[in-house]
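Next come the chains, spelled out residue by residue.
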Amino acid sequence: MTDLTKLTMAEARDGLAKKTFTALELTDAFITAIEKANPALNAYVLQTPEHARVQAKDSDKRIAAGSARPLEGLPIGNKDLFCTRGIRTTACSNILGEFHPTYESTVGQNLWDAGAVMLGKLNNDEFAMGSSNETSAFGNVVSPWRRKGKDGKLSTDKLVPGGSSGGSSAAVAAGLCLAATATDTGGSIRQPAALTGTVGIKPTYGRCSRWGIVAFASSLDQAGPIGKTVRDAAIMLKAMASHDLKDTTSVDAPVPDYEAVLGKGVKGLRVGIPREYRVEGMSPEIQKLWDDGIAWLKSAGATIHDISLPHTKYALPAYYIVAPAECSSNLARYDGVRYGLRVNGDNLIDTYENTRHQGFGKEVRRRILIGTYVLSAGYYDAYYLKAQKVRTLIKRDFDEAWNKVDVVLTPTTPSPAFAFGEKTGDPLAMYLEDIFTVTVNMAGLPGMSVPGGLSSEGTPLGLQLIGKPFDEETLFRTAQVIEDAAGRLSVPDAWWMKG
Amino acid sequence: MNSQKVAEKPKSKNFIEGATGDWEVIIGLEVHAQVASNSKLFSGSSTGFGAPPNSHVSLVDAAMPGMLPVINRECVAQAIRTGLGLKAQINTKSVFDRKNYFYPDLPQGYQISQYKQPIVGEGEVEITVDGEMLTVGVERLHLEQDAGKSLHDQHPDYSYVDLNRSGVALMEIVSKPDLRSSKQAQAYVTKLRSILRYLGTSDGDMDKGNLRADVNVSVRKPGDKLGTRCEIKNVNSIRFIGQAIEYEARRQIDIIEDGGKIDQETRLFDAAKGETRSMRSKEEAHDYRYFPDPDLLPLEFSNDYVEELKSKLPELPDEKRARFIESFGLSAYDADVLVAERASADYFEKVAGGRDGKVAANWVINELFGRLNKEGKAIEDSPVSSAQLGAIVDLIGSNAISGKIAKDLFEIVWTEGGDPAEIVDKRGMKQVTDTGAIEKAVDAIIAANPEKVEQAKAKPSMLGWFVGQVMKSTGGKANPAAVNDILKAKLGI
Amino acid sequence: MQVDEATVRRIARLARIKISDAEAKGLEKELSGILDWVAQLDEVDTSNVEPMTRVVAQKLKMRDDVVTDGEIAEQIVANAPLAEDNFFVVPKVVE
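This one's a predicted model, so the numbers in the text were calculated from it and none came from an experiment. (Residues numbered from 1 in each chain as written. Chains lettered and ligands numbered in written order. Predicted model: local features only at pLDDT ≥ 70, side-chain atom pairs only at ≥ 80, totals over all residues. Heavy atoms only, no water.)

## Points about the overall build of chain A
Part 1 of the argument: Looking only at helices and strands, chain A features 15 helices and 11 strands.
Part 2 of the argument: Relative to the compact-globule value of 23 Å for 499 residues, chain A shows a C-alpha radius of gyration of 21 Å, a close match.
Part 3 of the argument: Put simply, 77% of the contacts in chain A that link residues at least 6 apart link residues at least 24 apart.
Part 4 of the argument: Carbon together with sulfur atoms contributes 52% to the accessible area of chain A, which is approximately 15200 Å² in total. (Helix = DSSP H or I, 4+ residues; strand = E, 2+ residues; numbered from the N terminus. Rg over C-alpha atoms; globule rule 2.2 N^0.38 Å. Contact = heavy atoms within 4.5 Å. Areas by Shrake-Rupley, 256 points an atom, 1.4 Å probe, with all protein chains shown as cover.)

## Observations regarding the domain arrangement of chain B
All names here are of chain B.
Part 1 of the argument: When cut into domains, chain B gives domain 1 (16-305), domain 2 (316-426) and domain 3 (435-491).
Part 2 of the argument: Once you take the C-alpha centre of each, domain 1 and domain 2 turn out to be 37 Å apart.
Part 3 of the argument: Listed per partner, the contact involves 10 residues of domain 1 and 9 residues of domain 2.
Part 4 of the argument: Between domain 1 and domain 2, the buried area comes to about 890 Å², and carbon and sulfur atoms account for 48% of it.
Part 5 of the argument: Broken down residue by residue, the surface that domain 1 buries against domain 2 is led by Lys191, Arg197 and Tyr198, which jointly contribute 61%.
Part 6 of the argument: At the junction of domain 1 and domain 2, the tally comes to 4 salt bridges.
Part 7 of the argument: Here arginine 193 makes a salt bridge to glutamate 341, at a shortest N to O gap of 3.4 Å.
Part 8 of the argument: Linking domain 1 to domain 2 there are 6 residue pairs in polar contact (both at pLDDT 80 or more).
Part 9 of the argument: The biggest single contributor to the side of domain 1 that touches domain 2 is helix α2 (residues 182-199), with 7 residues.
Part 10 of the argument: Of the residues contributing to the side of domain 1 that touches domain 2, the split by class is 3 nonpolar, 2 polar and 5 charged. (Domains from an automatic or database assignment. Buried area = accessible area lost by both parts, 1.4 Å probe. Salt bridge = Lys/Arg side-chain N within 4 Å of Asp/Glu carboxyl O. Polar contact = N/O pair within 3.5 Å; in protein donor to acceptor, adjacent residues only side chain to side chain. Nonpolar A, V, L, I, M, F, W, Y, C, P; charged D, E, K, R; others polar.)

## Focus: the UniProt feature "domain: Asn/Gln amidotransferase" (unreviewed entry) in chain B
Part 1 of the argument: Taking the UniProt record as the reference, the feature "domain: Asn/Gln amidotransferase" (unreviewed entry) is found at residues 346-491 of chain B.
Part 2 of the argument: Helix makes up 71% of residues 346-491 of chain B and strand 0%, whereas the separation of the span's terminal C-alpha atoms amounts to 48 Å. (UniProt positions renumbered as here; feature names shortened; annotations may be inferred.)

## A closer look at the packing of helix α6 (residues 332-339) of chain B against helix α8 (residues 357-374) of chain B
Residues and elements named next belong to chain B.
Part 1 of the argument: Running from N to C, α6 and α8 point in directions that differ by 60 degrees, and their axes come no closer than 10 Å. By the angle between their axes, α6 is oblique relative to α8. For α6 against α8, the interelement crossing comes out left-handed. On α8, the residues touching Asp334, Val337 and Leu338 of α6 are Ala361, Val364, Ile365 and Phe369. (Axes fitted to C-alpha atoms, helices over the stretch in contact; angles between N-to-C directions. Parallel < 35°, antiparallel > 145°, perpendicular 65-115°, else oblique. Left-handed = near helix turned anticlockwise from the far one by under 90°.)

## With respect to the UniProt feature "active site" (unreviewed entry) in chain A
All names here are of chain A.
Part 1 of the argument: Under the feature "active site" (unreviewed entry), the UniProt entry names Lys79, Ser164 and Ser188. Of the residues just listed, which span 110 residues, no C-alpha pair is farther apart than 11.5 Å, and they cluster in one region.
Part 2 of the argument: Exposure remark for lysine 79: the relative accessible area of 0% places this residue in the buried category.
Part 3 of the argument: Excluding residues that lie within four positions of it along the chain, lysine 79 makes contacts with Lys121, Leu122, Asn124, Ala128, Ser164, Ser165, Ser168, Thr181, Ala182 and Thr183.
Part 4 of the argument: Ignoring sequence-local partners within four residues, the contact set of serine 164 consists of Lys79, Asn123, Asn124, Asp125, Ala128, Met129, Gly130, Asn133, Thr183 and Ser188. (Buried < 20%, exposed > 50% of the residue type's maximum accessible area, 1.4 Å probe, protein only.)

## Quick look at the nonpolar core
Part 1 of the argument: Membership of the largest hydrophobic core comes to 195 residues, with the highest contact counts inside it found for Leu71(A), Leu111(A), Phe127(A), Leu176(A), Phe398(A), Leu409(A) and Phe476(A).
Part 2 of the argument: In this structure Leu176(A) touches Phe30(A), Ala33(A), Ile34(A), Ala37(A), Leu41(A), Ala43(A), Tyr44(A), Leu119(A) and Ala171(A), once residues within four positions along its chain are discounted.
Part 3 of the argument: Judged by nonpolar contacts, the second largest core, of 108 residues, contains Val25(B), Cys75(B), Leu179(B) and Ala335(B). (Core = buried A, V, L, I, M, F, W, Y, C linked by side-chain atoms within 4.5 Å.)

## Considerations on helix α1 (residues 73-85) of chain B
Residue and element names in this part refer to chain B.
Part 1 of the argument: In a regular helix each residue adds 1.5 Å, so 13 residues correspond to 18 Å; α1 covers 18 Å between its end C-alpha atoms and thus fits that length.
Part 2 of the argument: The element α1 is extensively covered by neighbouring structure, given that 11 of its 13 residues are classed as buried.
Part 3 of the argument: For α1, the set of buried residues is Cys75, Val76, Ala77, Gln78, Ala79, Ile80, Arg81, Thr82, Gly83, Leu84 and Gly85.
Part 4 of the argument: In this structure asparagine 72 caps α1, since a side-chain oxygen of it lies 2.9 Å from the backbone nitrogen of glutamate 74.
Part 5 of the argument: Note on α1: the residue one or two positions beyond its end, lysine 87, has a positive phi of about 50 degrees. (Expected span 1.5 Å × (residues − 1).)

## Side note on the pattern of salt bridges
Residues and elements named next belong to chain B.
Part 1 of the argument: Per the stated rule, a full pass over the model turns up 76 salt bridges over all chains.
Part 2 of the argument: Between aspartate 214 and lysine 233 there is a salt bridge, with the nearest N and O atoms lying 3.0 Å from each other. With aspartate 214 in strand β12 (residues 211-220) and lysine 233 in strand β13 (residues 230-235), the pair connects residues that are 19 residues apart, well separated along the chain.
Part 3 of the argument: Accessibility expressed as a relative area gives 1% for aspartate 214, which makes it buried.
Part 4 of the argument: Counted as one network, the salt bridges with shared partners bring together Glu315, Lys320, Arg323, Arg342, Asp346 and Glu349.

## Observations concerning the sheet that holds strand β10 (residues 447-454) of chain A
Residues and elements named next belong to chain A.
Part 1 of the argument: The strand order β1-β3-β2-β4-β6-β5-β10-β11-β9-β7-β8 describes an open sheet built from 11 strands, whose pairing is mixed. Both outer strands of the open sheet, β1 (44-47) and β8 (303-307), are each paired with one neighbouring strand and no more. Within this sheet the neighbouring strands show an average axis-to-axis angle of 30 degrees, counted without direction.
Part 2 of the argument: As judged from the 2 bridges shared by strand β7 (residues 270-274) and strand β9 (residues 407-411), these two strands associate in the parallel manner. Within β9, the position partnered with glycine 272 by the bridge is valine 408.
Part 3 of the argument: Here helix α4 (residues 106-113) sits on the sheet in contact with β2 (75-79), β3 (117-122), β4 (179-184) and β6 (222-227), set at roughly 175 degrees to β2. (Pairing = 2+ DSSP bridges.)

## Let's talk about the interface of chain A and chain C
Part 1 of the argument: In this assembly, 65 residues from chain A lie in contact with 48 residues from chain C.
Part 2 of the argument: Note on chain A versus chain C: buried area summed over both sides is about 5100 Å², and carbon and sulfur give 68% of it.
Part 3 of the argument: Among the residues of chain A in contact with chain C, Glu353(A), Leu369(A) and Tyr373(A) are the three that bury the most area, contributing 13% of the side total.
Part 4 of the argument: With its nearest N and O atoms 3.4 Å apart, the salt bridge here joins Glu43(C) to Lys313(A).
Part 5 of the argument: Seen at the junction of chain A and chain C, the total is 24 residue pairs in polar contact (both at pLDDT 80 or more).
Part 6 of the argument: Of all the elements in the fold, those that place two or more residues in the side of chain A that touches chain C are α9 (312-330), α10 (348-359), α11 (362-375), α12 (381-401) and α13 (427-431) of chain A.
Part 7 of the argument: Ranked by residues supplied to the side of chain A that touches chain C, first place goes to α12(A) with 12 residues.

## Some remarks on the interface of chain A and chain B
Part 1 of the argument: Counting residues at the interface gives 40 residues for chain A, matched by 30 residues for chain B.
Part 2 of the argument: It is Ser329(A), Arg333(A) and Arg338(A) that lose the most area in chain A upon contact with chain B, and together they represent 20% of the buried surface on that side.
Part 3 of the argument: At the junction of chain A with chain B, the criterion picks out 1 salt bridge.
Part 4 of the argument: The closest approach of N and O atoms between Arg210(A) and Asp295(B), which form a salt bridge, is 3.0 Å.
Part 5 of the argument: Remark: the boundary between chain A and chain B carries 15 residue pairs in polar contact (both at pLDDT 80 or more).
Part 6 of the argument: Split by residue class, the side of chain A that touches chain B holds 21 nonpolar, 10 polar and 9 charged.

## Here we look at the environment of Thr20(B)
Residue and element names in this part refer to chain B.
Part 1 of the argument: When you line up the elements, threonine 20 lands in the loop between β1 (16-18) and β2 (21-34).
Part 2 of the argument: The partly exposed category is assigned to threonine 20, whose relative accessible area is 48%.
Part 3 of the argument: Sequence spacing of threonine 20 and aspartate 254 is 234 residues, and the spatial spacing of their C-alpha atoms is 10.0 Å.
Part 4 of the argument: Apart from the residues within four sequence positions on either side, threonine 20 is in contact with Lys221 and Glu257.
Part 5 of the argument: A distance of 2.8 Å separates polar atoms of two side chains, one belonging to threonine 20 and the other to glutamate 257.

## A look at the UniProt feature "domain: Amidase" (unreviewed entry) in chain A
Part 1 of the argument: The positions UniProt marks with the feature "domain: Amidase" (unreviewed entry) are residues 25-475 of chain A.
Part 2 of the argument: Spanning residues 25-475 of chain A, this segment combines 36% helix with 14% strand, and its end C-alpha atoms are found 34 Å apart.

## Quick look at the pairing of β4(A)
All names here are of chain A.
Part 1 of the argument: In terms of residue burial, β4 counts as a mostly covered element, since 6 of its 6 residues are buried.
Part 2 of the argument: The alternating pattern of β4 places Ala179, Thr181 and Thr183 on one face and Ala180, Ala182 and Asp184 on the opposite face, and all of these are buried.
Part 3 of the argument: Note that β2 and β4 share 2 bridges and pair parallel. In the sheet register, glycine 77 faces β4, and the bridge partner there is alanine 180.
Part 4 of the argument: The pairing of β4 with β6 spans 6 bridges and is antiparallel. Note on β6: the bridge partner recorded for alanine 179 is glycine 227.

Rendered as structure tokens:
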């Protein structure tokens, strides 16, 4: 039998429908792969094979009865930010300890209601704060990709899979699930997708419910899928999105059939190229990637337009005020009183301080302190209020751009995957990873990363598409054109399976 | 707006005498009232009192990871209604802010409240103290979550936390610092409570903790600028509010007169000792880091919605009081007594309907309330219904019974119940109004007492004795007025 | 913008996170660096700009005043580090 883990989600769906294999066989193939690969990659922080098998068997019954649901029997990985009923959920932090939620996230429930099978919980940067998955309490995730060294040979340097959804992107790229759930606050779906040659979409703010997802920054967080192909991402997003009465920031609008638009092409589509994204010192290969993207869309019938998004460079500093501010408040509930870790102290305050010092990692503590500072007495106007005003200007830039264009094309990241430790010396160096992606969260727009080519080191590069609110359909059909032209990127050698 | 101005007169009866002269007390109140609703402000748990620990708690109330607030529309309506009852500015756009601090009974590590843009703006409350009317300004009203409860006395080293109350909707009503005496403060809280109960927006039950006040007190020499104030937190009875203000004002005056200065601080009222004392948790002054709650969009509603709520408001105490005075000819004092509680006012109106309002008021206030107070009963538990009391008033009005007999009748109905008219019939309590019969009785007494008849000609006050005799001879049933008239005529006085 | 050690300690206390002396020193530098960097927002003229108060263009949705939740005390304390008779138990608060 062909290696089932190499199938795309759409192909697996097809195979199950044609009864080429059973859901249980499909799930078992992934369980075996994970057992073998996880010691090397550390993509999963919790494997749930028995749970998965129960779900798969149920799927087989339904398929046999002719009542298969949209994702029936399709195995996926679930980022450990999504609360799973009765199954440990940690946000990859020590402070949640052995927290077993008594509830399921709405997005998760949507997927299980559609018949998907959960293989396990995926690794991520602690509390979704990071761009390399180097801050997880469970240790780093290793990207399945390797880069060419200076001698032209493949180096064994461990590369980052991006973050915060590093477990999700690595697992999909390494064939350890058909697709994965992820979240994006400043780029945490798109950047890891770009670094691993996978497809990731952060939908419009409000498209997916945030209920049951460990909150980082409430006005920026959004759930979305990472998949092997544009079609797979479409299948996933259709199942994940919904209006939720328990989340009043979720939108009451029907979820379109994203798959249906994939072949529609981009004839007559107006594509905007924002000049401010051409940052100083941008590497030639990123520029080439961008030019390739422009050429592909042009030859498919789109028109290319130069646009200006004047406040682009202020998005990142504004983000690093708003996100820490909101997180400092959202993470106040982790105090050792009702769940998670408690480290006893001499008295109550001591207990709080010990618990939160030991429970939170360095990056999380840093962001909580920044957030606390910018909200504190005397600083609110200068920082938080100012940043929220800049945010209005960033959104306004896009609102004006939509008068001229229908979609915006940029590179996803300023560089390809780097190795462990290369950017951890200075927090700012790491923050700059998000320079192309944060504008999208700040404006509440949908953004997608689709593979565009390989770097000179042989590692993936991604192209980012930014769309109008709730116009994910335009992103999907445009991404499809890019994918058709660029082709899929696959890791040449599955070294992580060799033990 | 007509709030009492800062005293320009050199003398006020509210001034407190100190060793160095007169002092003026400035009082402002922040009243927290629990909103009358079935479920909490941002979650679907019950607001019911006295439930087992953590049983009225949802995942949202317990601040589990990933939980989000959803606002209760009835709580919003209740706040608007209260604002209308305070004749206040209703803000059709307001914002919820997070007030961040750590405490075990605050599971989120922040309280959802309203800081810069509350749902209700400036309003006013009219009070009457010692016959003098005064308008007290209201600064604002906002919605916020209540916190849970910690029990500190169950164990020497541990506190026990129950989140049942956590997330219940509160209205915080902030007065302007217009109050100048403990009596005024008490009257203000009493009136505020009455308005809330009339509107049904809070039951104002201070015993249950559904209404409590933070009392801000400062003192100054009349005409000086405002002194440093201290806040006395969570005072939970009208009586204690008065005591706390008296004690605190005196405490501050003594300190200043001794040459000291007042530290701005938060204090607690110790009911057992009748004193205020400083709260021991001397942490850094709270920096609450308020910012708009990113999980909640701004709260918006239309003016039409406000008008709709306004059109359905019940009549408020001040309006009812004015109407009672005008329609029923009641005195201001009587009207005040009747409208203090809506249930009392409703009872009175049923009795007064189609009858003499003054008579009805007299019976309700003096007979009924007097008796209820004596037995510690609330009007809702009155053994005499408004229908029954009305029937008694009817019997007096039709001259079927005298006033004195009516009191006996009231007593019978109170203790035994029953239909007053039937009781009068069965027990032969009817008044004798037949002038012929009365004349006969009068003639009999006159005939039996010729010397007294002579004395009465010189001393008209002896009429009283004759009246008494006639009443006795008729078993108290003769109509006293008729007896009076006939006697006067026959005695020639 | 220099954030000094006293400020770092005050912020850490507000955030209820213990920090060692060494950490305080390190954080002084890091936080100052980050705050210096975000200060570039001062270049932006926001004099007539409203802060972003909503990301989704919709009104705040409300729910009806019906009891739909609660009565799950065991679930509520299920993950508590210390609980008794469905109370959360914590080290004593000094009032």
